[in-house]
Amino acid sequence: MCTQIDFDHEDGGVAVAQPEYLRIAADLRRRISSGEYREGDKLPTLPELCESYRVSDTTIRNALRLLRNEGLIETRARAGTTVRPRPPVHRMAADRYRNKPGAPSTPYTRDQGIGWSEYRLDKRFERVQADAELAALFECEVGERLLARNFVFHDSDQPTQMSTSYVRWSDVSGTPVADPINEPWPGGTRAQMASLGITVSRITESFTAAMPTEEESRTLRIGAGVPVLRYTRRHVADTGRIVEVAHPIVRRGDTTVVDFAIELED
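Please read these numbers as outputs of a predicted model, since none were measured by experiment.

Draft legend 1. Seen up close, the pattern of salt bridges. This structure, assessed with the given rule, holds 20 salt bridges. Across the pair Glu183 and Arg149 runs a salt bridge whose closest N-O atoms are separated by 3.7 Å. With Glu183 in the loop between helix H6 (169–172) and helix H7 (188–195) and Arg149 in strand S7 (residues 145–155), this pair connects stretches of sequence that are 34 residues apart. Looking at Arg149, the relative accessible area reads 1%, which means it is buried. Measuring nitrogen to oxygen at the nearest pair gives 3.0 Å for the salt bridge that ties Glu216 to Arg230. Remark: Arg230 occurs in strand S10 (residues 228–237) and Glu216 occurs in helix H8 (residues 214–220); sequence separation between them is 14 residues. Summarising the burial analysis for this pair, Glu216 and Arg230 share the class buried. Connected through salt bridges with shared partners, the residues Asp27, Arg30, Arg31 and Glu36 form a single ionic network.

Draft legend 2. Expanded view of the pairing of S7. The element S7 is extensively covered by neighbouring structure, given that 10 of its 11 residues are classed as buried. As judged from the 11 bridges shared by strand S6 (residues 119–129) and S7, these two strands associate in the antiparallel manner. Counted as the bridge partner of Lys123 is Phe151 from S7. Where S7 lies against strand S8 (residues 158–168), 10 bridges are found, and the strand directions are antiparallel. Considered in S8, the bridge of Arg149 is made with Ser165. Counting the residues between successive antiparallel strands, the hairpin from S7 to S8 contains 2 residues, one of them, Ser156, with a positive phi of roughly 60°.

Draft legend 3. The nonpolar core, seen in detail. Counting 19 residues, the largest nonpolar core has Tyr119, Leu147, Phe153, Val172, Met193 and Val243 as the members making the most contacts within it. If you list the elements that add at least two residues to this core, you get S6, S7 and H6. In contact with Tyr119, not counting residues within four places along its chain, are Thr106, Tyr108, Thr109, Ile114, Phe153, His154 and Pro184. Counting residues in each nonpolar core, the second largest holds 17 residues, with Ala25, Ile32, Tyr53 and Val55 among its members.

Draft legend 4. Here's a closer look at the sheet that holds strand S9 (residues 200–210). Strand order in the open sheet formed by 6 strands is S6-S7-S8-S11-S10-S9, and the pairing between neighbours is antiparallel. With partners counted over all chains shown, the strands left at the sheet margins are S6 and S9, one partner each. Across this sheet, the average inter-strand angle for adjacent strands is 15°, counted without regard to direction. Direction of pairing for S9 relative to S10: antiparallel, over a ladder of 10 bridges.

Draft legend 5. Just unusual backbone geometry, in detail. The step from Glu183 to Pro184 runs through a cis peptide bond, and the omega angle for that step is 0°. Of note, the amide linkage connecting His247 to Pro248 takes the cis form, showing an omega dihedral of -5°. In this structure, Pro248 sits in strand S11 (residues 242–252). A positive phi angle is found at Arg54, which is not glycine, with a value near 60°. Structurally, Arg54 can be placed in the loop between helix H2 (46–53) and helix H3 (57–69).

Draft legend 6. How the structure looks around H2. Inspection of H2 places Leu49, Cys50 and Tyr53 among the buried residues, and these make up the whole buried set. Looking straight down H2, one finds that the buried residues subtend no more than 105° of arc, so they occupy a single side. Seen from the open side of H2, the exposed residues pointing more than 90 degrees away from its buried face are Pro47, Glu51 and Ser52. Among the structural elements, helix H1 (20–33) and H3 are those in contact with the buried residues of H2. Two residues or fewer after H2 comes Arg54, characterised by a positive phi angle close to 60°.

Scoring rules and cut-offs
Residues numbered from 1 in each chain as written. Predicted model: local features only at pLDDT ≥ 70, side-chain atom pairs only at ≥ 80, totals over all residues. Heavy atoms only, no water. Salt bridge = Lys/Arg side-chain N within 4 Å of Asp/Glu carboxyl O. Helix = DSSP H or I, 4+ residues; strand = E, 2+ residues; numbered from the N terminus. Buried < 20%, exposed > 50% of the residue type's maximum accessible area, 1.4 Å probe, protein only. Pairing = 2+ DSSP bridges. Core = buried A, V, L, I, M, F, W, Y, C linked by side-chain atoms within 4.5 Å. Contact = heavy atoms within 4.5 Å. Axes fitted to C-alpha atoms, helices over the stretch in contact; angles between N-to-C directions. Arc of directions from axis to C-beta.

Have a look at this one:
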């Protein structure tokens, strides 16, 4: 058995050895991105990889574990290790919240580029009270009653977004908006507010990126090494009152592009 050590960079003039499993993971990653291994292709078996790279099975397992965490491969009993299909990139357009004529849609379906029949929404509603963080986002008192709407958005059978959307209980109590049976609602939250006589005149969003929590990784079916995009959205009425807070909305970050349009005056 021969173990190779690569000296890929220097730190303060001293060569630093790259762990062998990282070198192997980088090589397999390159071969996947180049198309040598395509979506659905089976990788060589563990003994074959050990022989090819001339390393122990522990080193190969560590390399494969890293690629699984990145969402590049998956291993199933009796099926071996295969290259996972890579989801398409979706662009979140700056105008996605504007009213659109035509077939039923929401900002999510327009982001995904899917029809109503391809859209599936898992939902769970519960009444909560605003904690300090939510009170600051709503600009309301701590303890105000809210309706928390927990959503998982599916493009066909693939979950691609999750969120918790809060609305004021005083606005929605006793209305169709408070009944999960009416979800998904064509037009989304803005249309729901309009049904209550509330005109939304402004929407704000703030974005961060991070590694997924265990729940996010499990719900979105992504590897632990795939970053997520988290953002907070607020619907603001024409009176200036904040009528909805989605905190957070979570999408996988490696396949989401957020487009902004900034109008400049001369």
